[in-house]
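Next come the chains, spelled out residue by residue.
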Amino acid sequence: MDQVNDLPAKLSKPAKRAFAQAGYLKLEQFAGLTEAEVLALHGVGPTAIVLLRQALAEKGLAFRN
């Protein structure tokens, strides 16, 4: 994918496609979204949420409440 993409490498291909199609290529973009908004994307499941939550926490960020 794009070199500016800093999303977790272990995300499934459907989740990566869903994020790319929605324009989410940077981890920081997810801090402005709720978990429910991300789960609403076709191809995104609970495992993707866990991976994103962990990656956000490593950068001192979190999903919006």
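Source: prediction; values computed, not measured. (Residues numbered from 1 in each chain as written. Predicted model: local features only at pLDDT ≥ 70, side-chain atom pairs only at ≥ 80, totals over all residues. Heavy atoms only, no water.)

Lay out helix H3 (residues 46-58) in plain terms, naming residues and giving numbers.
Between its first and last C-alpha atoms H3 spans 19 Å; for 13 residues at 1.5 Å apiece the expected length is 18 Å, and the two agree. Taken together, the buried positions of H3 are Ala48, Ile49, Leu51, Leu52, Ala55 and Leu56. All buried residues of H3 lie within an arc of 165° about the axis, which places them on one face of the element. Away from its buried face by more than 90 degrees, H3 exposes Pro46, Thr47, Ala57 and Glu58. The first or second residue beyond H3 is Gly60, which carries a positive phi of 75°. (Helix = DSSP H or I, 4+ residues; strand = E, 2+ residues; numbered from the N terminus. Expected span 1.5 Å × (residues − 1). Buried < 20%, exposed > 50% of the residue type's maximum accessible area, 1.4 Å probe, protein only. Arc of directions from axis to C-beta.)

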